[in-house]
Amino acid sequence: AQKVTQAQTEISVVEKEDVTLDCVYETRDTTYYLFWYKQPPSGELVFLIRRNSFDEQNEISGRYSWNFQKSTSSFNFTITASQVVDSAVYFCALSGLTGANSKLTFGKGITLSVRP
Amino acid sequence: DAGVIQSPRHEVTEMGQEVTLRCKPISGHNSLFWYRQTMMRGLELLIYFNNNVPIDDSGMPEDRFSAKMPNASFSTLKIQPSEPRDSAVYFCASSLLSFNYGYTFGSGTRLTVV
């Protein structure tokens, strides 16, 4: 069975602070994909990143960066110099390749509030 | 590309009524997923289809829920009879699983059963 744990439930920071959102996953698959989605107050689910299990390189996209560590089964997300527009719920998710595991399994989400 | 299209965006219905939610996936995608989001349970998969065939419906809560995908461009999720505890946001997502495993979500249908 696949499982995603986002231990943090709510984080509040002041604008321009850096913030890291943690994600730990469990899977028996050797090949899998990890995702982060953002859900702003408007409610839609916005895709941020997909990472496959063979690619442990960290990725940076503007103020966003992701740290994938297979050894600790973690896929953490850092926002540098946070902005009020970053306020949202952030979901980490996991999927396998075939059969029942090819569905997306989500964590519970982390509510990030960025105060001006 | 219009993305995944869900209708209606909002639905308010009385307990006991039948509710039908609709989804049009992205053209060319071969997999379709129905998710439900509630405060208590978060985002949970209800059912998913691959090439119009249901693959995993273990998340469908009970017999009141049914889903169909008659062709590659349309799916429905039906609740009959509806109950207040079915109130949630229902998301549809589609993907081309054999290619890049990107999952695109629709805007969701907010269902309120009173």
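What comes next is a walk through the structure. (Residues numbered from 1 in each chain as written. Chains lettered and ligands numbered in written order. Predicted model: local features only at pLDDT ≥ 70, side-chain atom pairs only at ≥ 80, totals over all residues. Heavy atoms only, no water.)

### Regarding the overall build of chain A
Argument step 1. Along chain A, the regular secondary structure elements total zero helices and twelve strands.
Argument step 2. Listing every helix and strand of chain A by position from the N terminus yields β-β-β-β-β-β-β-β-β-β-β-β.
Argument step 3. Relative to the 2.2 N^0.38 estimate, which gives 13 Å for 116 residues, the radius of gyration of chain A is 14 Å and therefore close to what a compact globule would have.
Argument step 4. Taking the principal axes of the C-alpha coordinates as reference, chain A spans close to 45 × 30 × 20 Å.
Argument step 5. When burial is assessed residue by residue, chain A has 43% of its 116 residues classed as buried. (Helix = DSSP H or I, 4+ residues; strand = E, 2+ residues; numbered from the N terminus. Rg over C-alpha atoms; globule rule 2.2 N^0.38 Å. Buried < 20%, exposed > 50% of the residue type's maximum accessible area, 1.4 Å probe, protein only.)

### Quick look at the environment of tyrosine 32 of chain A
Residues and elements named next belong to chain A.
Argument step 1. With respect to the element layout, tyrosine 32 can be found in the loop between β4 (24-26) and β5 (33-39).
Argument step 2. Residue classification places tyrosine 32 among the buried residues on the basis of a relative accessible area of 4%.
Argument step 3. With 19 residues separating them along the chain, tyrosine 32 and arginine 51 place their C-alpha atoms 8.5 Å apart.
Argument step 4. In terms of polar contacts, tyrosine 32 uses its side chain to reach the side chain of tyrosine 25, at 2.6 Å. (Polar contact = N/O pair within 3.5 Å; in protein donor to acceptor, adjacent residues only side chain to side chain.)

### So, the interface of chain A and chain B
Argument step 1. Each partner contributes to the interface: chain A provides 18 residues, whereas chain B provides 16 residues.
Argument step 2. Approximately 1,500 Å² of surface area, both sides summed, lies buried where chain A meets chain B, with 57% of it carried by carbon and sulfur atoms.
Argument step 3. Contact with chain B buries surface across chain A, with Leu45, Lys103 and Phe106 of chain A losing the most and accounting together for 29% of the total.
Argument step 4. Put simply, chain A and chain B have one salt bridge between them.
Argument step 5. Inspection of the chain A/chain B interface yields six residue pairs in polar contact (both at pLDDT 80 or more).
Argument step 6. When contributions to the side of chain A that touches chain B are tallied by element, the ones reaching two or more residues are β5 and β10 (88-95) of chain A.
Argument step 7. Looking at the side of chain A that touches chain B residue by residue, the class counts come to nine nonpolar, six polar and three charged. (Contact = heavy atoms within 4.5 Å. Buried area = accessible area lost by both parts, 1.4 Å probe. Salt bridge = Lys/Arg side-chain N within 4 Å of Asp/Glu carboxyl O. Nonpolar A, V, L, I, M, F, W, Y, C, P; charged D, E, K, R; others polar.)

### Regarding the state of the cysteines
Residues and elements named next belong to chain B.
Argument step 1. Under the criterion given, the structure shown has two disulfides over all chains.
Argument step 2. A sulfur-sulfur distance of 1.9 Å marks the disulfide that ties cysteine 23 to cysteine 92. Of note, the bridge from cysteine 23 to cysteine 92 carries an S-S torsion of about -70° and is left-handed in sense. Taken together, the residues span a long stretch of sequence, with cysteine 23 in strand β3 (residues 19-24) and cysteine 92 in strand β9 (residues 88-95) at a distance of 69 residues. Side by side, cysteine 23 and cysteine 92 carry an identical accessibility label, which is buried. (Disulfide = S-S within 2.5 Å.)

### A closer look at the nonpolar core
Argument step 1. Membership of the largest hydrophobic core comes to 24 residues, with the highest contact counts inside it found for Leu21, Trp36, Phe77, Tyr90 and Leu112 of chain A.
Argument step 2. Every element with two or more residues in this core is listed here: β2 (10-14), β3 (19-21), β5, β8 (64-69), β9 (74-79), β10 and β12 (110-115) of chain A.
Argument step 3. A total of four residues in this core trace back to one element, the largest contributor, which is β10 of chain A.
Argument step 4. Within the second largest apolar cluster, 21 residues are counted, among which are Val4, Leu21, Met69 and Cys92 of chain B. (Core = buried A, V, L, I, M, F, W, Y, C linked by side-chain atoms within 4.5 Å.)

### Remarks on the pattern of salt bridges
Charged atoms that come close allow side chains of opposite charge to pair.
Argument step 1. Considering all chains together, one arrives at twelve salt bridges over all chains under this definition.
Argument step 2. Ionic pairing is found between lysine 103 of chain A and aspartate 56 of chain B, a salt bridge with its closest N-O pair at 3.4 Å. Of this pair, lysine 103 of chain A sits in the loop between β10 and β11 (105-106) while aspartate 56 of chain B sits in strand β6 (residues 53-56), each in a different chain.
Argument step 3. The shortest N-O distance in the salt bridge between glutamate 44 of chain B and arginine 41 of chain B comes to 3.0 Å.
Argument step 4. If you follow the salt bridges from partner to partner, you end up with Glu62, Arg64, Glu83, Arg85 and Asp86 of chain B in one network.

### Concerning the sheet that holds strand β7 (residues 65-71) of chain B
Residue and element names in this part refer to chain B.
Argument step 1. Spatial strand order, β1-β3-β8-β7: four strands in an open sheet with antiparallel pairing. Strands with a single pairing partner mark the edges of an open sheet, and in this sheet they are β1 (5-7) and β7. Put simply, the sheet's adjacent strands are angled 15° from each other on average, direction ignored.
Argument step 2. Examined bridge by bridge, β3 and strand β8 (residues 74-79) share five bridges and lie antiparallel to one another. When the bridges of β8 are listed, threonine 20 appears paired with lysine 78. (Pairing = 2+ DSSP bridges. Axes fitted to C-alpha atoms, helices over the stretch in contact; angles between N-to-C directions.)

Structural measurements only, silent on function.
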